[in-house]
Structures are given as C-alpha cells and as structure tokens.
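Structural overview
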Amino acid sequence: MGAKMDVQTENPRVKILTAFIKILEIIAVFSLFGISAVIFAQILLRNLFSIGFPWADELSRFLHITLIFLTVPILYRERIIFKIDIFIERLPARVQNVVGVFTSFVCIAFSLVFLFSFVEFMSASWDVPSPALQMPNLLFFFGAFLGILMFLLTSLEKLIYDLGKRAGESIK
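The text that follows walks through the structure, step by step, so that each part is easy to find. (Residues numbered from 1 in each chain as written. Predicted model: local features only at pLDDT ≥ 70, side-chain atom pairs only at ≥ 80, totals over all residues. Heavy atoms only, no water.)

Once that is clear, we can look at the overall build of the protein chain. A count of helices and strands for the protein chain gives five helices and zero strands. When the elements of the protein chain are put in sequence order from the N terminus, they spell out α-α-α-α-α. Here the protein chain holds 172 residues, and 35% of them are scored as buried. Restricting to contacts in the protein chain with at least 6 residues of sequence separation, those with at least 24 account for 76%. Surface accessibility of the protein chain: about 10800 Å² in total, with carbon and sulfur atoms responsible for 73%. (Helix = DSSP H or I, 4+ residues; strand = E, 2+ residues; numbered from the N terminus. Buried < 20%, exposed > 50% of the residue type's maximum accessible area, 1.4 Å probe, protein only. Contact = heavy atoms within 4.5 Å. Areas by Shrake-Rupley, 256 points an atom, 1.4 Å probe, with all protein chains shown as cover.)

Below, the discussion takes up the packing of aromatic side chains. For the structure shown, the criterion picks out eight aromatic pairs. Relative to Phe114, the ring of Phe110 lies with its centre 6.1 Å away and its plane at 45°, an arrangement referred to as tilted. You can see Phe110 and its partner Phe114 sitting in helix H3 (residues 93-125), four residues apart, about one turn around the helix. With relative accessibility at 22%, the residue Phe114 sits in the partly exposed group. Their ring planes at 35° and their centres at 6.1 Å tell us that Phe142 and Phe145 sit as a pair that is tilted. (Phe/Tyr/Trp six-rings, centres within 6.5 Å; stacked < 30°, edge-to-face > 60°.)

Another aspect to go through is the environment of Phe141. Along the polypeptide, Phe141 turns up in the loop between helix H4 (137-140) and helix H5 (142-166). The spacing of Phe141 and Met122 is 19 residues in sequence and 9.3 Å in space, taken between C-alpha atoms. If we ignore the near neighbours within four places in the chain, the residues touching Phe141 are Ile65, Phe118 and Met122.

Written as structure tokens, this is what we have:
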C-alpha cells in the first residue's frame, strides 16, 4: 500500500498525466524559489534600506497557495504524501486493497466537492482584484483549482489501479 503505483508508462493516458505532473512539479519548484527570493528581498530591503513593498507579501502568498496545491497530486501519485498506515499494513492484502479503493473514493469525492465549491465561489467573485497586485481572484487561486483537478485525476488513476489489482489484474 505504501509503494508507488506500478503503472504502464507506454499507456498514452498515463504518459499525458505524467507529463502534466512533471509540469506541475516544475511550477511548484519555481514557486518555492519565488517565495524564497521575494521574502529574502523583502527582509533585506526592510532592514537595510527601510523600504517595503506591499505587493511582496501578496506575491509570496500567491506563490505559497500555488506551491501547496500543486504538490498535493505530485505527492499523492508518488505515494509520499503523509499518511498513517501502521494498522493498514497489518491487514491482509485483500483488505488493504479494499481500504485503498475506499480511500480513492474519498479523495475523488473531496476533489469534486472542492471543484464545485471553487466554481460556485468564482462565479461570484472571479474578477475581484487582490489588493496589492490587482490580480483577479480567478488567477490568484488558479493554482488551487489546477492542483485539485490534478488530484482528482491522480485519484481516479489510483482507483483504476486498485480495482485492477483487486480483480487480480495489473495495469502493467
């Protein structure tokens, strides 16, 4: 249960999802570097020159939201996301598969609720600008939407994998 999924990389759908995950990973790394650079520059400018930029905090907040939400599907797909499986590891393999399928359904349900809520929220406030950067809400929170959408797709991929494993098949 704690191992990576053994998916066939020749499958075109898996290749596309893998390519998107790689793109998310690159964006997340740039977000992390951006947060570090903006905060470091802000600290230096404030302490050395008594200069502060109101947009720096907002930009780092935007990059932080993007970083967090884009790393969720990456970590989930690689099975390195935080989990407590001390009891599940002691269960028989068949029960572990059932728990895996249940977990995938819960993740899919969470993703769908989040995405529908996001659409509902954005329908009323998509064009409201952020205070300092004047960035519309839709753009400010797009990383969250994209991350949860990819989390939905990786959860579906895991569900298909677990169902195939449960039926004695493999996605290999």
